[in-house]
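Fold and contact review
Single-letter residue listing:
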Amino acid sequence: MRIEKSKLSRRSILAGLVVGAGTVGAVAVAALNRGVIAPRLDGSEGSWWTRRAVALENAGLNDWTSQIGADFDIGTPEAGGTFKLVKVEPFLSPGIRPVDVSRDRAFMVAFEGSGEIRPEGDRIYQVKHMAGTLDIYFSAADTSLPTPRLQAVFN
């Protein structure tokens, strides 16, 4: 009597799975890097690694957070200048928000200037960024800080 062994051993099944997973991974990386599945990973045009212009007047916490480090022109030449977005901090906002509120939670943004000009705060300034212009009310500025700093709250 002759017993036939199956050609599918545990080793051959494992080897097939490893080769298959490697092939799927290589195809996925190639598709991602070409921008087929998602934007390119290499920082070139269209990549999710490059900062995109976002219309911030209706943007939420994540869109503002993605702009940390970006430069903004705030105010007028006499009472403003170029400020860098340095902080975006979420507020606790439990419960359901009103239907007419465009953001899913309230948050604070902080801008830091590098110049001598110190905007006063407690007023509305025109803010220019790479995607456009918007008017933002800034709370009173803390004049004790070594660099000019402006803060605003978005609800």
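Shown above is the structure to which this text applies.
Residues numbered from 1 in each chain as written. Predicted model: local features only at pLDDT ≥ 70, side-chain atom pairs only at ≥ 80, totals over all residues. Heavy atoms only, no water.

Overview of the overall build of the protein chain
- Counting its secondary structure elements, the protein chain contains two helices and six strands.
- N-terminal to C-terminal, the α/β element order of the protein chain is α-α-β-β-β-β-β-β.
- Classification of the 155 residues of the protein chain by burial places 25% in the buried group.
- Counting only contacts in the protein chain whose residues sit at least 6 apart along the sequence, the fraction spanning at least 24 positions is 47%.
- Within the structure as shown, the protein chain displays about 10,900 Å² of accessible surface, and the carbon and sulfur contribution to it stands at 57%. (Helix = DSSP H or I, 4+ residues; strand = E, 2+ residues; numbered from the N terminus. Buried < 20%, exposed > 50% of the residue type's maximum accessible area, 1.4 Å probe, protein only. Contact = heavy atoms within 4.5 Å. Areas by Shrake-Rupley, 256 points an atom, 1.4 Å probe, with all protein chains shown as cover.)

Things to note about the environment of alanine 141
- Locating alanine 141 in the fold gives a position in the loop between strand 5 (132-138) and strand 6 (149-154).
- Setting aside residues up to four positions removed in sequence, alanine 141 forms contacts with Pro119, Glu120, Gly121, Arg149 and Leu150.

Description of the environment of alanine 140
- One can find alanine 140 in the loop between strand 5 and strand 6.
- When the C-alpha atoms of alanine 140 and aspartate 122 are compared, they prove to be 4.3 Å apart, with 18 residues separating the residues in sequence.

Considerations on the packing of aromatic side chains
- Within the structure shown, the criterion is met by seven aromatic pairs.
- Ring geometry for tryptophan 64 and phenylalanine 72: centres 6.2 Å apart, planes at 15°, overall stacked.
- Residue classification places tryptophan 64 among the buried residues on the basis of a relative accessible area of 0%.
- These aromatic residues form a ring-pair network of at least three members: Trp64, Phe72, Phe107, Phe111, Tyr125, Phe138 and Phe154. (Phe/Tyr/Trp six-rings, centres within 6.5 Å; stacked < 30°, edge-to-face > 60°.)

Coordinates in, geometry out; function isn't part of it.
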